[in-house]
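# Understanding the architecture of this molecule
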Amino acid sequence: MEFQPKIIAFLCNWCSYTGADLAGTSRIKYAPNIRVIRVMCSGRVDPTFVLKSFTEGADGVLICGCHPGDCHYHEGNYKCLRRYHLLVKYIEQMGIRPERLRLEWVSASEGKIFAEIVNEMVQTVKALGPSEVKTVVETLT
Amino acid sequence: MEEVKIGVYVCWCGTNIAKMVDVEEVAKEIGKYPNVVIARDYKYMCSDPGQELIINDIKKLGLNRVVVSACSPRIHELTFRKALEKAGLNPYLFEMANIREQDSWVHTDRVEATRKAKDLVRAALHKVLFHEPLSERTVEINPATLVIGGGIAGMSAALEIAGAGKKVYLVEKMESLGGMMARLDLTFPGLESARDNLQLTVARVMKDPNIEVYTNTVIRDIFGYVGNFECIISPNFKEDISLQFGNVVVATGLKTFDPSVIPEYKYGQLPDIYTSHEFEGMLTSGRIVRKDGRPPENVAIIHCVGSRNRNYHEYCSRVCCMTALKYANQLRSALPEANIFEIYADMRAMGKGCEELYSLSSRRKIMFLMFDQQGPLPVIRKAGSRDKCDYLITLQEKLSGQDIEVPADMVILMVGTEAREDAKEVAHQVGISMCGNAFFIEKHPKLDPVATTTNGVYIVGSCQGPKDIPDSISQARAAAARILGTIAQGSVTVEVTTANVNEELCCGCQTCIKVCPYTAISFKEEEKVSFVNEILCKGCGTCGSACPTGAITCRHFTDRQLINQIEGLMRMDVEPELKEV
Amino acid sequence: MSQRVDQSLVREVEKFGKGSWNECFHCGNCTAICPLTEEGFLFPRKSYRAMQMGLKQTLASGLEPWLCYYCGDCSTSCPRDANPGETMMILRRYLTSVYDWTGLSKKFYTSHWWEFIFVLILAVIMVILFGFINPNPVDYTLTAEGSVRINAMFPIKWVELGDWAMAILVASLLISNILRMWYKTVIQDKSVKVSLFSYIREFYLLVVHFITQKRFSKCEDKNYWLSHWFLMTGYSIMFAVIVVWLPWFQTEKVYLWYEPQRLLGYYATFGLLFGLIVAGVGRIRKKGVKFRFSHISDWLFIVMLFLTTVTGILVHIFRINGMVEATYISYIVHMAVLVPMVIVEVPFSKWSHLAYRPFAVYFANLKKSGQPVKASVQS
Amino acid sequence: MAGDKTTGIIFYHPDAAFYQSDAYAAIRDYAAGLPGVRSVIDGLEVDLSCLDTLASVIKKHDPARVVIAGVMPGLIKSAVARVLSETGKDPGNIRLVDWSVLHGLNGQWLELTKAMLASAVAGMMPEECLIPSRHPVHPDTLVIGGGIAGIQASLEVADAGRNVILVEKSGTIGGHMAMFDKTFPTLDCAACILTPKMVEVGQHSMIDLLTCTEVEAVTGVPGDYTVSLLKRARRVNLATCIGCGTCAEKCPRTAPSEFDALTTHRKAIYIPFPQAVPNKYLIDPAHCTYVENGKCGVCVKVCPVPDCINLDEKDQRTEIKVGNIIVATGFQVFDAARVPQYGYGKFPNVLTSLEFERLVNAAGPTGGNITFRSQDKKGNWIFKGDSDTPSRVGIIHCVGSRDENHHPYCSKVCCMYSLKLAHLVKEKLPQASVYEYFIDMRAFGKGYEEFYERIKEEGVHIIRGRTAKVEERNGKLMMRSEDILNDRLIEQEVDMVILAVGLEPREDAAALAASLGISRSNDGWFAETNRCLEPSTTFTGGISIAGVCQGPKDIPDTVAQASAAAARVLQSLVSGEIAGSIKAVGLQTVEDQIKNK
């Protein structure tokens with residue numbers, strides 16, 4: 001059977017979650033490997049959430065926020081962007097492929113784009129195979 | 001310590017969910033988890049009997065947590081919270097799993113969709129374990145209102161509120177009130193005098209003791225929250241004044257499309273090509289003449305300039321068709337012998353009395369020619385000396401299927417409308433969002449067309465999307481109704497999912513203060529800890545993820561809740577730990 | 001090559017009848033409801049459109065108005081009361097004038113006075129010819145059967161000569177107009193090339209359509225077809241026997257009822273009367289859309305044809321009953337109505353459709369069978 | 001001062017016969033006698049010679065102001081403006097008086113027309129002179145009609161803490177919107193967004209919901225109306241009914257279900273639809289055996305609640321006092337059988353759009369399966385879930401709308417809902433072909449044009465050309481249309497035809513208008529006072545109109561208008577004072593107003 005990755009997505013309530021809902025109301029189909037967690041703002045995505053997701057065995061983590069300048073809370077998405085850059089470096093050092101973590105801007109009207117992003121990411125993660133986290137944990141312990 | 005008792009409800013939504021997700025199986029599987037006292041599936045959870053089901057279970061089974069797995073929480077979270085409240089349970093001891101918009105509607109494999117639904121419900125189960133009762137707080141409403149924009153929408157909103165004896169601050173960027181309507185000669189479809197109707201409205205605004213008008217004024221900054229806003233304005237660009245108010249009406253309107261970017265129409269290159277707004281000026285002055293002073297013998301009106309075309313704007317500007325019919329009639333009267341050509345795509349004469357005006361225009365010998373607004377567009381060129389006209393417009397006429405040439409001495413371009421350049425700035429000041437076309441987004445496209453996701457901020461008129469005068473006025477009054485309602489109530493409930501600081505854990509690093517976009521966090525010098533002003537806090541949670549010691553809790557989205565939610569998503573075989581409240 | 005739109009054409013066509021030129025918003029209902037319209041010859045909407053836009057060339061090269069028999073379904077179901085059926089009628093008048101090189105057709109259609117005066121002059125000429133210049137005195141002697149010796153009063157030779165002269169005049173006018181029609185609609189249409197063989201092969205259709213009018217029978221209401229067919233056949237037979245076979249038809253001898261002359265005469269008279277009464281009563285009552293907007297030229301045709309028929313019947317009755325003076329006068333009146341009618345109506349006015357219609361069907365079939373010369377750009 | 005400016009008056013009326021009428025004579029005499037009036041021109045025609053005549057009159061009398069009065073006087077305003085500017089006058093001095101807004105105000109028409117003329121001659125807007133008196137206001141508000149407009153208006157007023165009496169003729173609120181499957185262009189399901197609002201109305205402490213109730217008569221003055229209501233017997237006790245449905249299960253009689261657009265059957269004791277508010281049963285007296293002949297009463301026997309069903313309950317009349325009235329009575333759909341060429345009623349698979357909304361609805365008769373109509377045992381044509389599905393569906397726009405034979409006006413929503421229906425067919429039956437025949441595609445609102453483009457991309461065949469007729473040929477339906485843009489004649493064989501029927505004023509609109517004393521436009525919709533500035537007020541004080549009963553509109557516009565009507569109510573309630581009727585302002589008062597200015 002083909003490898004079916006599990007990807008956790010953190011979506012901000014105002015743009016990206018609404019965008020994902022729009023994909024639904026527009027019946028745009030995408031891969032079922034994504035599991036969404038709603039947060040009020042991408043700025044709420046604590047690095048520990050991302051790391052927790054990986055240690056729990058997620059094969060990928062997607063964070064979506066409003067486009068730069070469109071944040072409902074003015075600049076939460078910029079905060080998120082900074083953390084993202086650090087996180088990418090961090091997980092790489094831990095031995096997790098950086099492609100497994102992705103940050104995207106999805107507005108409330110971009111249901112189609114959201115679906116495309118999910119499909120793309122699922123493809124990428126499928127190509128990478130199951131998460132390296134198990135080996136990482138084994139090496140560490 | 002009370003035992004946690006969870007009720008799980010999986011909705012069919014008719015066939016919307018049930019078609020792609022085996023809801024019965026989901027309910028069955030989730031029912032196996034400890035603490036889940038009851039797991040049901042039902043056709044329409046949002047319906048009265050559906051809600052009744054929850055209420056009865058809470059009462060009979062003593063549930064103290066509820067998970068509903070149905071549509072997006074953006075649609076029905078409030079509905080179910082209210083149901084909990086009715087059953088005497090705190091409404092925040094509730095979580096929704098979105099298995100419609102983000103599951104059944106977007107997947108095609110029933111097995112995978114069902115698996116996903118189980119994961120999502122399990123995650124909700126894990127999260128709701130840690131939910132805490134939260135209580136809503138109310139804020140006093142300042143009875144004054146700020147209206148941004150002195151066009152017909154802004155003035156109508158102001159008049160409606162002031163008519164109830166409440167204070168209104170009306171701020172207009174330009175020197176005088178009136179906005180777009182001030183440029184119009186007549187209105188459609190009744191061909192009434194726009195000027196008289198506008199002057200009447202302006203006079204009423206100016207006379208109303210409850211309206212304070214600030215023209216030539218820009219808003220420097222707005223802060224505060226519903227019921228208690230404050231802004232800094234600088235009238236005539238002089239000294240700054242501060243105003244306090246409880247609600248904001250945004251009525252900033254729109255601007256017209258610049259046709260010079262369409263090469264086919266040669267606007268700005270040939271002299272007698274006018275935009276619809278320039279033509280209104282001719283109508284007002286009574287002089288419909290070419291640049292050289294001669295009245296035109298052939299006038300062509302081109303529709304959909306910048307609208308309904310992917311190269312410019314995909315949307316329809318809604319008012320141009322009727323305006324063009326109005327022009328055709330005015331031209332017919334002023335120039336009884338002239339040839340009038342109306343070059344249109346679809347005749348959108350859909351308001352009350354509009355189709356009748358279209359039919360009347362036909363009878364008045366106006367030639368209607370149909371073109372494809374998605375291109376190739378008609379091409380305007382200079383006519384030769386033997387052509388007996390100034391310009392020739394070549395186009396493929398769709399109703400006859402022929403390539404034709406239209407003589408013209410004057411061309412009127414029915415320019416579309418677009419969002420103003422400063423829309424983004426306004427959106428930021430008041431904290432509302434914009435759609436792809438830069439129009440402001442309403443709270444709900446159908447049932448709440450004037451409210452926004454920011455409490456106390458309303459959008460009315462064309463800044464929300466192109467619309468005609470009566471529709472703008474309706475919206476303006478709709479916002480007024482909402483505002484009068486809150487003023488009449490005297491208070492409004494505010495955000496409960498705010499952040500708060502555990503002073504024992506706070507190390508006083510002040511990182512949270514730097515990241516807060518609302519300056520809601522301040523530093524208590526004496527205790528050396530941070531403090532959150534919960535009225536200003538909008539609950540974004542940025543401070544929570546920045547706090548190095550975990551001193552900040554973001555209510556309803558706590559670290560513990562979210563981490564548990566992650567675990568719930570991933571640990572499909574592990575049963576949730578038994579927790580105590 | 002793009003054509004120039006022209007609002008003046010509407011004003012021009014308006015002179016041929018009161019239409020509602022701009023009501024149409026082009027929903028296409030009329031074309032879709034028409035039982036006669038077909039691929040390649042879509043009408044009435046497209047003809048309406050060409051007229052509205054002032055596309056003279058398109059209009060002149062179109063055969064569509066002739067393919068319409070005016071059942072009126074398009075007008076009754078038109079959502080804008082734009083009367084496409086009546087518009088086709090008016091366009092037929094307009095096209096008649098377009099084909100007519102003398103310009104008289106246009107004069108007759110656009111000015112009643114022109115038509116009346118022309119008819120009157122011809123009538124007076126006929127009265128003078130038969131009543132005053134006629135060298136033969138009134139002959140009171142009756143034939144053996146007791147009927148009036150009509151050929152003695154009006155020498156059949158001269159009358160026949162006159163008939164032939166009139167027929168040749170009228171026919172040459174009509175034929176030259178049909179040739180012009182052919183040139184405008186077939187030759188000038190560069191999109192299709194018609195082979196000589198087609199001309200021969202399709203010719204029988206011309207005859208079939210002339211005789212049967214079978215296209216008309218496709219219209220929803222078959223009664224109109226029937227009465228029109230009677231009218232047409234009656235007219236044609238009468239025309240043939242009094243112009244071509246006059247010496248055979250009009251003799252001193254009164255034929256017995258079963259003899260062909262008598263039978264043909266009676267059939268033609270019946271056909272004419274039946275058709276005329278249906279048309280006349282319909283027009284007076286304005287029953288149905290097709291009769292709602294009768295043009296004065298329609299009335300003139302009906303009245304003159306009716307008078308011709310009635311006077312013809314009178315001549316017949318008076319003659320067989322030996323009423324000499326009555327025969328004499330009624331014959332002159334008959335001629336004074338018949339001749340102007342033929343000269344005005346056949347080449348220039350309403351009657352000409354008897355020729356244009358079958359030719360239009362013929363030409364249309366030619367075009368259909370022809371080789372398309374690279375279809376015009378059409379997305 | 002009004003009198004020192006000279007005025008010329010031009011009358012304009014599209015019907016030349018009007019100039020011969022007594023009414024015109026009265027208006028003309030009055031106008032000629034107004035202060036400052038120097039010249040009166042009747043019936044200006046727009047042609048060159050008339051413009052010359054006008055120029056000479058203007059040169060001769062040199063009026064400082066020109067008033068154009070009549071029906072749609074704006075039509076000739078540009079001609080007058082041209083003459084004024086060519087004779088060196090200021091075209092800004094033209095005033096328009098359009099008395100067609102007074103259409104339907106039979107008694108007061110002449111007085112108000114004179115008042116409008118007098119104010120225009122004085123250089124004022126009618127609104128500046130027709131100032132209604134102020135009255136104290138009763139705190140309760142009556143909302144007539146429980147569709148989305150009535151619901152929104154009621155909630156708006158009730159949420160402000162004011163008492164609302166919501167009167168609905170049928171057994172439940174929800175109106176037409178509750179019957180729809182999805183709403184354009186976002187395609188969210190109508191029930192999903194409407195039912196919460198319905199529930200809110202049902203539970204609101206400030207809303208007194210009266211279903212099965214009609215307004216019979218209204219008396220009183222603005223701010224203090226006495227309304228007599230006719231409460232039709234529901235025969236089921238609203239307070240005690242638990243909605244268990246045992247009665248309906250056992251009821252022996254069936255009747256076509258109004259909620260399912262008569263495409264299925266319900267019992268004579270029924271709940272209109274599962275999410276009805278109030279969610280209680282009611283008895284349809286037209287189909288109840290007991291009501292007919294006193295025999296039966298099965299429902300009473302099986303009802304588990306004592307005394308809940310009272311089959312002998314009689315209609316009742318009550319009177320209530322209110323200060324404001326919001327009329328939100330909505331519309332009825334055009335009867336498709338009036339267009340015989342489409343064969344509705346003759347061919348079972350020619351449906352109206354409303355029937356199709358029910359058919360495609362997941363909660364509808366077939367559970368959302370698009371199936372053919374089939375005959376039940378009694379021979380009635382109904383929808384059943386297990387019938388065959390169509391593979392080709394045709395949709396015809398503008399049925400009954402934009403048609404001089406029926407309604408000349410455009411129903412505004414049909415284009416968009418037809419596109420939506422096309423999408424729903426595609427969604428449920430991806431293999432099916434959909435053919436949509438339109439005249440002009442009116443996709444006007446926010447996101448509508450984008451929706452249209454999307455439907456085109458989904459592969460729906462969208463054809464410009466009105467279908468002329470639907471015929472049956474070899475057991476299939478055949479639609480005949482001209483494909484205008486492709487120069488073809490189409491005879492399209494389909495399995496199902498959907499008629500996009502237009503909206504029309506309700507049958508009882510005239511009677512209601514009469515009892516409320518409000519006027520109707522000539523197309524039958526309730527009339528507003530000023531087409532430009534006042535979309536929801538009437539000439540009668542304290543009575544507002546909202547939603548489609550004022551003219552066809554979509555849901556967002558209806559909601560906005562309903563809130564707007566509520567704004568006017570709240571304004572009076574908050575300030576404690578209400579404006580009286582404009583139509584009651586006497587001519588004398590207007591003349592005094594002008595003198596005082």
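Residues numbered from 1 in each chain as written. Chains lettered and ligands numbered in written order. Predicted model: local features only at pLDDT ≥ 70, side-chain atom pairs only at ≥ 80, totals over all residues. Heavy atoms only, no water.

## Some remarks on the overall build of chain B
If you tally the helices and strands in chain B, you get 15 helices and 30 strands. Considered along the principal axes of its C-alpha atoms, chain B spans approximately 95 × 60 × 40 Å. By the burial criterion, 65% of the 581 residues in chain B qualify as buried. Across chain B, every contact between residues at least 6 apart in sequence was considered, and the portion connecting residues at least 24 apart equals 68%. Within the structure as shown, chain B displays about 20,100 Å² of accessible surface, and the carbon and sulfur contribution to it stands at 49%. Separation of charge centres in chain B, based on 66 positive and 74 negative side chains, amounts to 3 Å. (Helix = DSSP H or I, 4+ residues; strand = E, 2+ residues; numbered from the N terminus. Buried < 20%, exposed > 50% of the residue type's maximum accessible area, 1.4 Å probe, protein only. Contact = heavy atoms within 4.5 Å. Areas by Shrake-Rupley, 256 points an atom, 1.4 Å probe, with all protein chains shown as cover. Lys, Arg positive; Asp, Glu negative; His and termini not counted. Charge placed at Lys NZ, Arg CZ, Asp CG, Glu CD.)

## Quick word on the state of the cysteines
One pass over the structure, following the stated rule, counts one disulfide over all chains. Covalently, Cys15 of chain A is tied to Cys66 of chain A through a disulfide, its sulfur atoms 2.4 Å apart. Looking along the S-S bond of the Cys15 of chain A-Cys66 of chain A disulfide, the torsion reads about 100 degrees, which is the right-handed sense. With a gap of 51 residues between them, Cys15 of chain A in the loop between strand E1 (7-12) and helix H1 (16-25) and Cys66 of chain A in the loop between strand E3 (60-65) and helix H3 (76-93) connect regions that are remote in the sequence. This pair shows no difference in class: Cys15 of chain A is buried, exactly as Cys66 of chain A is. No disulfide involves Cys212 of chain D; its nearest neighbouring cysteine sulfur is the one of Cys241 of chain D, lying 12 Å away. Under the relative-accessibility criterion, Cys212 of chain D is labelled buried at 7%. (Disulfide = S-S within 2.5 Å.)

## Examining the sheet that holds E1 of chain A
All names here are of chain A. Taking strand neighbours across the sheet as the criterion, the four strands line up as E2-E1-E3-E4 in an open arrangement whose pairing is parallel. Across the chains shown, the open sheet's two edge strands, defined by having one partner strand only, are strand E2 (34-39) and strand E4 (101-105). Strand-to-strand twist in this sheet, taken as the mean axis angle between neighbours without regard to direction, amounts to 20 degrees. Across the face of the sheet, helix H4 (residues 111-128) comes into contact with E1, E2, E3 and E4 while running at roughly 160 degrees to E3. (Pairing = 2+ DSSP bridges. Axes fitted to C-alpha atoms, helices over the stretch in contact; angles between N-to-C directions.)

## Structural notes on the nonpolar core
Ranked by internal contacts, the top residues of the largest apolar core, which has 207 residues, are Leu101 of chain A, Val68 of chain B together with Ile269 of chain D. In terms of residue count, the dominant contributor to this core is helix H12 (residues 469-489) of chain B (ten residues). In contact with Val68 of chain B, other than residues within four places in its own chain, are Tyr9, Met45, Ile54, Phe80, Phe94, Glu95, Met96 and Ala97 of chain B. Residues Leu91, Val170, Val186 and Phe301 of chain C belong to the second largest nonpolar core, which totals 132 residues. (Core = buried A, V, L, I, M, F, W, Y, C linked by side-chain atoms within 4.5 Å.)

## Thoughts on the domain arrangement of chain B
Its domain assignment divides chain B into domain 1 (6-134 + 560-569), domain 2 (145-254 + 419-493), domain 3 (259-417) and domain 4 (499-555). A C-alpha centroid distance of 40 Å is found between domain 1 of chain B and domain 2 of chain B. (Domains from an automatic or database assignment.)

## Some thoughts on the interface of chain B and chain A
Facing 47 residues of chain B, the contacting portion of chain A comprises 49 residues. Between chain B and chain A we count five salt bridges in total. The closest approach of N and O atoms between Lys52 of chain A and Glu567 of chain B, which form a salt bridge, is 2.7 Å. Counting across the interface, chain B meets chain A through 18 residue pairs in polar contact (both at pLDDT 80 or more). Within the residue set of the side of chain B that touches chain A, elements represented by two or more residues are helix H3 (73-86), helix H4 (100-104), helix H5 (110-128), helix H11 (423-430), helix H14 (542-546) and helix H15 (559-570) of chain B. Top contributing element to the side of chain B that touches chain A by residue count: H15 of chain B, with eight residues. The class makeup of the residues in the side of chain B that touches chain A is 17 nonpolar, 18 polar and twelve charged. (Salt bridge = Lys/Arg side-chain N within 4 Å of Asp/Glu carboxyl O. Polar contact = N/O pair within 3.5 Å; in protein donor to acceptor, adjacent residues only side chain to side chain. Nonpolar A, V, L, I, M, F, W, Y, C, P; charged D, E, K, R; others polar.)

## Concerning the domain arrangement of chain D
Taken domain by domain, chain D consists of domain 1 (7-132 + 585-595), domain 2 (141-231 + 317-331 + 506-579), domain 3 (233-314) and domain 4 (332-504). Inter-centroid distance (C-alpha atoms) of domain 1 of chain D to domain 4 of chain D is 48 Å.

## What about the confidence of the model for chain D?
Here chain D averages 92 in pLDDT, while 99% of its residues score no lower than 70. Both scores are available for the predicted complex, with the pTM at 0.85 and the ipTM at 0.87. (pLDDT = per-residue confidence, 0-100.)

## Here we look at unusual backbone geometry
Residue Pro376 of chain B is reached from Gly375 of chain B by a cis peptide bond, and omega for that bond is 0 degrees. Tracing the backbone through its elements, the reader meets Pro376 of chain B in the loop between strand E19 (367-370) and strand E20 (379-382). In this structure, Pro44 of chain C follows Phe43 of chain C across a cis peptide bond, with omega equal to 5 degrees. Mapped onto the secondary structure, Pro44 of chain C falls in the loop between helix H2 (29-33) and helix H3 (45-53). Even without being a glycine, Asn216 of chain B presents a positive backbone phi close to 55 degrees.

## Quick look at the pattern of salt bridges
Taken as a whole and assessed by the stated rule, the structure comprises 104 salt bridges over all chains. Note that Arg531 of chain D is salt-bridged to Glu192 of chain B, the shortest N-O span being 3.0 Å. Pair noted here: Arg531 of chain D is in the loop between helix H14 (509-516) and strand E29 (543-545) and Glu192 of chain B is in strand E9 (residues 192-193), and the two residues belong to different chains. Linking Arg266 of chain D and Glu258 of chain D is a salt bridge whose minimum nitrogen-to-oxygen distance equals 2.9 Å. Exposure remark for Arg266 of chain D: the relative accessible area of 9% places this residue in the buried category. Residue classification places Glu258 of chain D among the partly exposed residues on the basis of a relative accessible area of 42%. Put simply, Arg308, Asp346, Arg348 and Glu355 of chain B, Arg80 of chain C together with Arg402, Asp440, Arg442, Glu449 and Arg464 of chain D are held in one network by salt bridges that share partners.

## Overview of the packing of aromatic side chains
A complete count under the given rule lists 47 aromatic pairs over all chains for this structure. Consider the rings of Tyr30 of chain A and Phe114 of chain A, whose centres lie 5.5 Å apart with planes at 85 degrees: the pair is edge-to-face. Of this pair, Tyr30 of chain A sits in the loop between H1 and E2 while Phe114 of chain A sits in helix H4, placing them 84 residues apart in sequence. Pair check on accessibility: Tyr30 of chain A and Phe114 of chain A agree, each one buried. Each residue in the set Phe11, Phe18, Tyr19, Tyr24, Trp99 and Trp109 of chain D is aromatic and connected to the rest through ring pairs, giving one cluster. Between the NZ or CZ atom of Arg560 of chain B and the centre of the ring of Phe130 of chain B, over which it lies, the distance is 4.9 Å. Cation over ring: Lys456 of chain D sits above Tyr452 of chain D, and NZ or CZ is 4.5 Å from the ring centre. (Phe/Tyr/Trp six-rings, centres within 6.5 Å; stacked < 30°, edge-to-face > 60°. Lys NZ or Arg CZ within 6 Å of the ring centre and 35° of its normal.)

## Concerning the sheet that holds strand E15 (residues 316-322) of chain D
Sheet strands pair by backbone hydrogen bonding; their relative direction is either parallel or antiparallel. All names here are of chain D. With antiparallel pairing, three strands are arranged side by side in an open sheet as E9-E10-E15. At either margin of the open sheet sits one strand with a lone partner, and together these are strand E9 (213-221) and E15. Neighbour-to-neighbour, the strand axes of this sheet turn through a mean angle of 20 degrees, independent of strand direction. As paired strands, E9 and strand E10 (residues 224-231) are joined by eight bridges and run antiparallel to one another. The partner of Val221 across the bridge, within E10, is Asp224.

## Considering the interface of chain D and chain B
Each partner contributes residues to the interface: chain D has 109 residues there, and chain B has 106 residues. The junction of chain D with chain B conceals about 8,200 Å² of combined surface from both sides, 54% of it contributed by carbon and sulfur atoms. Three residues stand out in chain D for area buried against chain B, namely Lys446, Cys532 and Leu533 of chain D, and they jointly supply 8% of the buried area on that side. Counting every contact that joins chain D to chain B gives 16 salt bridges. The residue Lys77 of chain D makes a salt bridge to Asp185 of chain B at a minimum N-O spacing of 2.5 Å. Where chain D meets chain B, there are 41 residue pairs in polar contact (both at pLDDT 80 or more). Contributing elements (two or more residues each) for the side of chain D that touches chain B: helix H2 (48-61), helix H3 (77-86), strand E4 (94-98), helix H5 (126-129), helix H6 (148-159), helix H7 (190-203), helix H13 (448-457) and helix H15 (555-575) of chain D. (Buried area = accessible area lost by both parts, 1.4 Å probe.)

## Some words on the side chain of Glu64 of chain C
Residue and element names in this part refer to chain C. As for its position among the elements, Glu64 is in helix H5 (residues 64-67). Within the buried set, Glu64 has no salt-bridge partner at all; the shortest N-O distance to an opposite charge, 6.5 Å, is to Lys46. Once residues within four sequence positions are removed from consideration, Glu64 is found in contact with Gly40, Phe41, Leu42, Phe43, Ser47 and Met88.

## Examining helix H13 (residues 203-212) of chain C
Residue and element names in this part refer to chain C. Along H13, the positions that sit buried rather than exposed are Leu205, Leu206 and His209. The buried residues of H13 occupy an angular sector of 105 degrees when projected down its axis, which confines them to one face. Along its buried surface, H13 packs onto helix H19 (353-369). Of the residues one or two after H13, Gln213 is the one with positive phi, at around 55 degrees. (Arc of directions from axis to C-beta.)

## Brief notes about the arrangement of the chains
Summarising the chain contacts, five pairs of chains touch, and the pair with the most contacts is chains B and D. A minimum C-alpha distance of 31 Å separates chain A and chain C, which share no contact.

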